[in-house]
Amino acid sequence: MKLSDYEAVVGKNIIEELRVLGKRLTGKVVRNVNSTAVGGGVAEILNRMNPLLNEVGLRAHWSVIKGGEEFFSVTKKFHNMLHGKDEALSDKEMELFLQTSEENLKNMDLSADIIFVHDPQPIVLIKNKSRFKKSKWIWRCHIDVSQPNAQVWNFLKDYVEQYDASVFSSPSFAQILKIRQFLISPSIDPLSDKNKELSKEKIEEVLKHFGIAQGKPIIAQISRFDYLKDPVGVIDVYRLVKKYIDCQLVLAGGTATDDPESSKVLAEVMERAKGDNDIHVLAIPAASDIEINALQRAADVVLQKSIREGFALTVTEALWKAKPVVASAVGGIPLQIKHKYSGLLSRTIEGTAYWVKQLLNSPAYAKRLGQSGRAYIKQNFLLTRHLRDYLLLFLALYHTEDIINI
Amino acid sequence: MKKLKKAKQAFTFYTRLHLQELTGYKARDLKGLLKGIKELSGSVIYHHTHRFLQQHQFLSPEPPNDFAYWVAEVLGEHKLGEELASVDVIQFSSIRALREKLIQTIENHIRYMENTGRGQFRVSGMEEQFHFIKTISFVFPTSYVVHNLLEFVESLKKVTINSIYFHVFEAKLRLEKSINDFSYWIDTNCGENELSKELARLDPYTYTLEGLRTKIINLIEKRIK
């Protein structure tokens, strides 16, 4: 994709502003460092962001650290503990983490003006700061660290505070740190297969493929089969609505072969849905972005009844499609949904069902809510805003004042 | 169309972009909020009294500031929420003065509650804490440079809302100019004193940014027809 492709979505002036910012950073080498080249949200965003950074005049590089299975088991444990899981790291695990980090320190080319390190796996690379005195170092945390396990956070904090700046996705993830902390939300790409416009025919084709009836209202939750997304609770919501409104429920999500829990959740959902032909439980394989896009677009109401959430980009995707969304007030969802302005927030099964009925019976209100939601996403959560924030972040590294003339 | 005067000096439309910086400071009750308002930088006050203007501009001109919203919706202090919401930001020409007004409003409320035996203030849940954030502004010129009112109004139709925002809100309050940039230029460079006054009289905080753009365009077009 080229920047000019986004003009039709966000307007020419917004793109022009990005080019102006890029000019202020022309020739700067930005080296992103993370732990995987494929799969996962970080790799996805770097794949989309780097070509745009290059287009506005920077030179974006991307390096990936190396590590064995055991190293990544330890960093997975870091991840869970940063989410608040009550576990402990052994001395051996710490040693393994540091040893692998040392090998990466020795072998990696880290020359750049700005070194942008993503998540905890490569965090120790900051030890090379003294070798690259003119470089600016940023640590980008993509994880919910609102209530981190103290052992792992204290361990990481010593490294974090050696960086020039840090970046978090939500205000609630902010910490008391000696370095600057910036707030940059994630984004969706409006031109990706998951979010681009689809023809009516394509949507109908997907509905037909999955055996979903047209003309009967559709409630949908498109999310992984995970207890924290409460798919069983969604069926309970549907049943309360179904008493008064003849509707269908679509529960669609990916299944991960390496996550035994997802198969268990799926089995429970199938059991709960048994005997009702209006409930469509769809285990969708990876790389089915067009299908997910079509199901979101076909829905009359989209739910995200999560018990806990990170940012919830599934909500962003649905709002971008101008869908009325009813979602739990957890994680990053309240950042996207202002109750009764850009969607509806709920906390219980009964409350969720109440709002779904309201929306299905008041299509004009549902439409207005959806349109406001789309406008809010357009303003705040698209890839172009994300690119703008990264450019501003790079500029901020060279200034200390709060009002900067560039 | 009226014959238009050439401006003494051209007007360059500037724009500004914002980056949000987290302070790490949080409040869970009214006294914590007050402490943050008193002690944190002016850029924090600016952020929480102006964020909604940008992020919610398509939805509604309300709610006007984060403090009012949090106090009413999270702490359930609706009276204080309304008092904070109705602080007339346009009246203040500096963040310092605005900060003082916010402090005074909250302190009066706390005193009143304590004097009437209702000094037990609600504490928010962990997930609903108030997070203090500050705004870093980046200001730069656009390619729109105009020499008379007609060029001005045509450019006003094209610039981003960020540019309008900068000249109307930020230049006046954050850079402590006594009047918004548009009114100043129209008066001193185009000799349109009445039109300048009309623009200065608008309360921009009660419009969405697109609504404000339309309003200013209409006023100028009415004048130059």
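Definitions and cut-offs
- Residues numbered from 1 in each chain as written.
- Chains lettered and ligands numbered in written order.
- Predicted model: local features only at pLDDT ≥ 70, side-chain atom pairs only at ≥ 80, totals over all residues.
- Heavy atoms only, no water.
- Helix = DSSP H or I, 4+ residues; strand = E, 2+ residues; numbered from the N terminus.
- Buried < 20%, exposed > 50% of the residue type's maximum accessible area, 1.4 Å probe, protein only.
- Contact = heavy atoms within 4.5 Å.
- Areas by Shrake-Rupley, 256 points an atom, 1.4 Å probe, with all protein chains shown as cover.
- Lys, Arg positive; Asp, Glu negative; His and termini not counted.
- Charge placed at Lys NZ, Arg CZ, Asp CG, Glu CD.
- Axes fitted to C-alpha atoms, helices over the stretch in contact; angles between N-to-C directions.
- Parallel < 35°, antiparallel > 145°, perpendicular 65-115°, else oblique.
- Left-handed = near helix turned anticlockwise from the far one by under 90°.
- Nonpolar A, V, L, I, M, F, W, Y, C, P; charged D, E, K, R; others polar.
- Domains from an automatic or database assignment.
- Buried area = accessible area lost by both parts, 1.4 Å probe.
- Salt bridge = Lys/Arg side-chain N within 4 Å of Asp/Glu carboxyl O.
- Pairing = 2+ DSSP bridges.
- Polar contact = N/O pair within 3.5 Å; in protein donor to acceptor, adjacent residues only side chain to side chain.

## Considerations on the overall build of chain B
So, step 1. The helix and strand inventory of chain B stands at ten helices and two strands.
So, step 2. Element order for chain B, N to C, with α for helix and β for strand: β-α-α-α-α-α-β-α-α-α-α-α.
So, step 3. Based on the C-alpha atoms only, the size of chain B along its principal axes is roughly 65 × 30 × 30 Å.
So, step 4. Counting every position in chain B, which comprises 225 residues, the buried fraction comes to 55%.
So, step 5. By sequence separation, contacts in chain B at least 24 residues apart represent 77% of the contacts at least 6 residues apart.
So, step 6. Total accessible area on chain B is roughly 10,100 Å²; 49% of this is exposed by carbon and sulfur atoms.
So, step 7. Between the mean site of the 32 positive side-chain charges and the mean site of the 27 negative ones, chain B shows a separation of 5 Å.

## Examining the packing of helix α6 (residues 149-156) of chain B against helix α10 (residues 209-224) of chain B
Residues and elements named next belong to chain B.
So, step 1. One can describe the packing of α6 onto α10 by two numbers: an axis separation of 10 Å at closest approach and a directional angle of 155 degrees. When the axis of α6 is compared with that of α10, the two are roughly antiparallel. α10 is crossed by α6, and the crossing has left-handed handedness. Where α6 abuts α10, its residues Leu149, Leu150, Phe152, Val153 and Leu156 lie against Arg213, Ile216, Ile217, Ile220, Glu221 and Ile224.
So, step 2. Of the residues in the contact of α6 with α10, the class split is nine nonpolar, no polar and two charged.

## Observations regarding the domain arrangement of chain A
All names here are of chain A.
So, step 1. Partitioning chain A into domains gives domain 1 (3-187 + 382-396) and domain 2 (200-380).
So, step 2. In this structure, domain 1 and domain 2 have C-alpha centres spaced 31 Å apart.
So, step 3. Taking both partners together, domain 1 and domain 2 bury about 910 Å²; carbon and sulfur atoms supply 60% of that area.
So, step 4. On the domain 1 side of the contact with domain 2, Val9, Pro186 and Leu382 bury the most area, a combined 42% of that side's loss.
So, step 5. At the junction of domain 1 and domain 2, the tally comes to zero salt bridges.

## Points about the pairing of strand β3 (residues 114-118) of chain A
Residue and element names in this part refer to chain A.
So, step 1. Extensive coverage of β3 is indicated by the burial of five of its five residues.
So, step 2. Of the two faces of β3, the one lined by Ile114, Phe116 and His118 and the one lined by Ile115 and Val117 are each fully buried.
So, step 3. Both strand β1 (residues 29-34) and β3 contribute to a ladder of four bridges, which runs parallel. Across the sheet, residue valine 33 finds its bridge partner in β3, namely valine 117.
So, step 4. Bridging between β3 and strand β4 (residues 136-140) involves five bridges; their strand directions are parallel. Each residue of the ladder has a partner; that of phenylalanine 116, found in β4, is isoleucine 138.

## Some remarks on the domain arrangement of chain B
All names here are of chain B.
So, step 1. Domain parsing of chain B yields domain 1 (11-16 + 135-224) and domain 2 (21-133).
So, step 2. One C-alpha centre belongs to domain 1, the other to domain 2, and the line joining them spans 28 Å.
So, step 3. A combined buried area of about 1,900 Å² lies between domain 1 and domain 2, and 57% of that area is made up of carbon and sulfur atoms.
So, step 4. Linking domain 1 to domain 2 there are zero salt bridges.
So, step 5. Joining domain 1 to domain 2, the criterion identifies four residue pairs in polar contact (both at pLDDT 80 or more).
So, step 6. Elements with a contribution of two residues or more to the side of domain 1 that touches domain 2: β2 (130-146), α7 (161-173) and α10.
So, step 7. Among the elements that take part in the side of domain 1 that touches domain 2, α7 stands out by supplying six residues, more than any other.

## Focus on the sheet that holds β4(A)
Two pairing modes exist for strands in a sheet, parallel and antiparallel, and in both the strands are linked by backbone hydrogen bonds.
So, step 1. Strand order in the open sheet made by the nine strands is β2(A)-β1(A)-β3(A)-β4(A)-β5(A)-β6(A)-β1(B)-β2(B)-β13(A), with mixed pairing throughout. Both outer strands of the open sheet, β2 (59-64) and β13 (403-405) of chain A, are each paired with one neighbouring strand and no more. For this sheet, the mean angle separating the axes of adjacent strands, direction not counted, is 25 degrees.
So, step 2. Direction of pairing for strand β1 (residues 11-27) of chain B relative to β2(B): antiparallel, over a ladder of 13 bridges. Among the inter-strand pairings, Glu21(B) is bridged to a residue of β2(B), identified as Lys134(B).

## Some thoughts on the pattern of salt bridges
Residue and element names in this part refer to chain A.
So, step 1. Taken as a whole and assessed by the stated rule, the structure comprises 35 salt bridges over all chains.
So, step 2. Aspartate 189 serves as the salt-bridge partner of arginine 48, at 2.6 Å between the closest nitrogen and oxygen. Residue arginine 48 is located in helix α3 (residues 40-55), and its partner aspartate 189 is located in the loop between β6 (180-183) and α7 (200-209); the two are separated by 141 residues in the primary sequence.
So, step 3. For aspartate 189, a relative accessible area of 5% gives the class buried.

## Some details on the environment of Ile179(A)
Residue and element names in this part refer to chain A.
So, step 1. If you trace the backbone, isoleucine 179 turns up in the loop between β5 (165-168) and β6.
So, step 2. For the pair isoleucine 179 and glutamate 161, spaced 18 residues apart in sequence, the C-alpha to C-alpha distance is 5.9 Å.
So, step 3. Those residues in contact with isoleucine 179, other than ones at most four positions away along the chain, are Val160, Glu161, Tyr163, Asp164, Ala165 and Ser166.

## Some words on the interface of chain A and chain B
So, step 1. Tallying the contact residues gives 38 residues for chain A and 41 residues for chain B.
So, step 2. For the pair chain A and chain B, the summed buried surface comes to about 3,400 Å²; carbon and sulfur atoms form 61% of the total.
So, step 3. For the pair chain A and chain B, the number of links is two salt bridges.
So, step 4. Here chain A is connected to chain B by 15 residue pairs in polar contact (both at pLDDT 80 or more).
So, step 5. Elements with a contribution of two residues or more to the side of chain A that touches chain B: α2 (12-23), β6, α14 (363-380), α15 (383-396) and β13 of chain A.
So, step 6. The biggest single contributor to the side of chain A that touches chain B is α15(A), with six residues.
So, step 7. Of the residues that constitute the side of chain A that touches chain B, the class distribution is 21 nonpolar, nine polar and eight charged.
So, step 8. Pairing of β13(A) with β2(B), which is carried by three bridges, proceeds in the parallel orientation. Opposite Ile404(A), over in β2(B), you have Phe138(B) as the bridge partner.

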